[in-house]
Amino acid sequence: MGQIKLTTNIVMIALFSLAILVFAINFAGDNNSEVSLADDSEFVTIKDGVITELSSLKTNVNTSSDTFITTTLEAGDQSASTGGQFKVTIGNLKDVMTFATRGAFQKIFGQDTSFGIFLTTLSVIIVFMVTLYAWKAWRGNPD
Amino acid sequence: MALYNQPNFTDGIDGVIIQVAKEVPSFLNGFLLFIFGVVFFGGSLAQKSKTGYADYPMWSVMASMAIFIITLVLTIKEGMINLETLGIVVSITILSGVWFYLSKGRGEI
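Residues numbered from 1 in each chain as written. Chains lettered and ligands numbered in written order. Predicted model: local features only at pLDDT ≥ 70, side-chain atom pairs only at ≥ 80, totals over all residues. Heavy atoms only, no water.

Chemist: Quick question: what am I supposed to make of the confidence of the model for chain A here?
Modeler: Regions with low pLDDT should not have their predicted coordinates read in detail. Of all residues in chain A, 69% have pLDDT values of 70 or greater, and the mean over the chain is 76. By mean pLDDT, the top-scoring element of chain A is helix H1 (residues 3–31) of chain A (87), and the lowest-scoring one is helix H3 (residues 84–109) of chain A (70). (pLDDT = per-residue confidence, 0-100. Helix = DSSP H or I, 4+ residues; strand = E, 2+ residues; numbered from the N terminus.)

Pasting the structure below:
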């Protein structure tokens, strides 16, 4: 999966999770439902967390993009070696995705530490993909 | 002594469903599981028979959305759905979305 496709997919996961949670909460509020997702503090925390992370992503992407766009290269200059504009998107998104799925896993598997391996493995895989793509961006072959 | 109170038609057929749901708490959970199974297995098997390929993540999302909407509607009436069931349905929907967006079968061969 290419870097752009991976980034887009993780953003879509965050937006999909947010849409589900917000729709459920607003539906209950509009219809005065007896059971509301807003009564579950964990899902409210997930919703607020995803919103905060996406807002942070927007800010960081704009900042890095401006830095990249306003940079000029003269003949013989070396290009940026930090790769900041490529790191910021993937680096923010891994937090968004683990945040959104953590609550879902805990709801299904409970707080039992025996099932914590699922979350741990998911986080490890995401961090691995993030690190790999950040390195590939520096190497000059972002795939 | 009866195992449970049998429903009556005083309040109509919808009242019967509500009484059954209150007497047998797992009734609506089983109903939701049935809807999920029908959409998921029916859709994926039909797609596989027609095209030779079944997009399981997509059908998982569609089945999850179906039970999600049904669950939301059932939360309006007291005693039908509890908060735990709603939380599990929302969790399954989110995880189906994660599986869908991380799969490579979306419109691809």
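Chemist: What is the right way to look at the packing of aromatic side chains in this model?
Modeler: For any pair of aromatic rings, the description consists of the separation of the ring centres together with the inter-plane angle of the planes. Residue and element names in this part refer to chain B. All chains considered together, the criterion is met by 7 aromatic pairs over all chains. Taking the centre distance of 6.1 Å and the plane angle of 45° together, the rings of Phe40 and Tyr56 count as tilted. With Phe40 in helix H2 (residues 26–51) and Tyr56 in helix H3 (residues 56–74), this residue pair connects regions lying 16 residues apart in the sequence. A relative accessible area of 35% places Tyr56 in the partly exposed class. (Phe/Tyr/Trp six-rings, centres within 6.5 Å; stacked < 30°, edge-to-face > 60°. Buried < 20%, exposed > 50% of the residue type's maximum accessible area, 1.4 Å probe, protein only.)

Chemist: How should I be thinking about a nonpolar patch on the surface in this particular structure?
Modeler: A contiguous nonpolar surface patch, about 490 Å² in accessible area, is contributed by Phe9(B), Ile13(B), Ile17(B), Val24(B) and Phe27(B). Here Phe27(B) is to be found in helix H2. (Patch = residues over 30% accessible without salt bridge, like charges linked within 9 Å, V, L, I, M, F, W, Y side chains within 5 Å. Areas by Shrake-Rupley, 256 points an atom, 1.4 Å probe, with all protein chains shown as cover. Salt bridge = Lys/Arg side-chain N within 4 Å of Asp/Glu carboxyl O.)

Chemist: Is there a simple way to think about the packing of H3(B) against helix H4 (residues 83–102) of chain B in this case?
Modeler: Helix packing geometry: the angle between the two helix axes and the distance between the axes. Residue and element names in this part refer to chain B. Where H3 meets H4, the closest approach of the two axes is 8 Å, and the angle between their N-to-C directions is 155°. The orientation of H3 relative to H4 falls into the category roughly antiparallel. The two elements H3 and H4 cross, and the hand of that crossing is left-handed. Residue-level inspection shows Tyr56, Pro57, Met58, Ser60, Val61, Ser64, Met65, Ile67, Phe68, Thr71 and Leu72 of H3 in contact with H4, the latter providing Leu86, Val89, Val90, Ile92, Thr93, Ser96, Gly97, Trp99 and Phe100. Of the residues belonging to the contact of H3 with H4, the class tally is 14 nonpolar, 6 polar and no charged. (Axes fitted to C-alpha atoms, helices over the stretch in contact; angles between N-to-C directions. Parallel < 35°, antiparallel > 145°, perpendicular 65-115°, else oblique. Left-handed = near helix turned anticlockwise from the far one by under 90°. Contact = heavy atoms within 4.5 Å. Nonpolar A, V, L, I, M, F, W, Y, C, P; charged D, E, K, R; others polar.)

Chemist: What's the story with the confidence of the model for chain B in this structure? I'm lost.
Modeler: All names here are of chain B. Of the residues in chain B, 93% have a pLDDT of 70 or more, and the chain-wide mean is 87. The lowest-confidence element of chain B is helix H1 (residues 13–23), averaging 84 in pLDDT; the highest-confidence one is H3, averaging 95. Interface scoring of the predicted complex returns ipTM 0.84; its pTM is 0.80.

Chemist: Got a minute to help me understand H1(B) in this structure?
Modeler: Residues separated by three or four positions in an α-helix point in the same direction, a consequence of the helix having 3.6 residues per turn. Those residues of H1(B) that fall on the buried side of the exposure criterion are Gly15(B), Val16(B), Ile18(B) and Ala21(B). Contacts from the buried residues of H1(B) go to H2 of chain B.

Chemist: Teacher, can you tell me more about the interface of chain B and chain A here?
Modeler: Much of the literature gives interface size as the accessible area that the parts lose upon coming together. The partner chain A presents 29 residues to the 28 residues of chain B that form the contact. With both sides pooled, the region where chain B packs onto chain A buries about 2,500 Å², and carbon together with sulfur makes up 80% of that total. Contact with chain A buries surface across chain B, with Leu83(B), Ile94(B) and Tyr101(B) losing the most and accounting together for 25% of the total. Along the contact surface separating chain B from chain A lie 0 salt bridges. The interface formed by chain B and chain A holds 3 residue pairs in polar contact (both at pLDDT 80 or more) in total. Looking at the side of chain B that touches chain A, the elements that each hand over two or more residues are H3 and H4 of chain B. Among the elements that make up the side of chain B that touches chain A, the one with the highest residue count is H4(B) (14 residues). For the side of chain B that touches chain A, the per-class residue count stands at 18 nonpolar, 6 polar and 4 charged. (Buried area = accessible area lost by both parts, 1.4 Å probe. Polar contact = N/O pair within 3.5 Å; in protein donor to acceptor, adjacent residues only side chain to side chain.)

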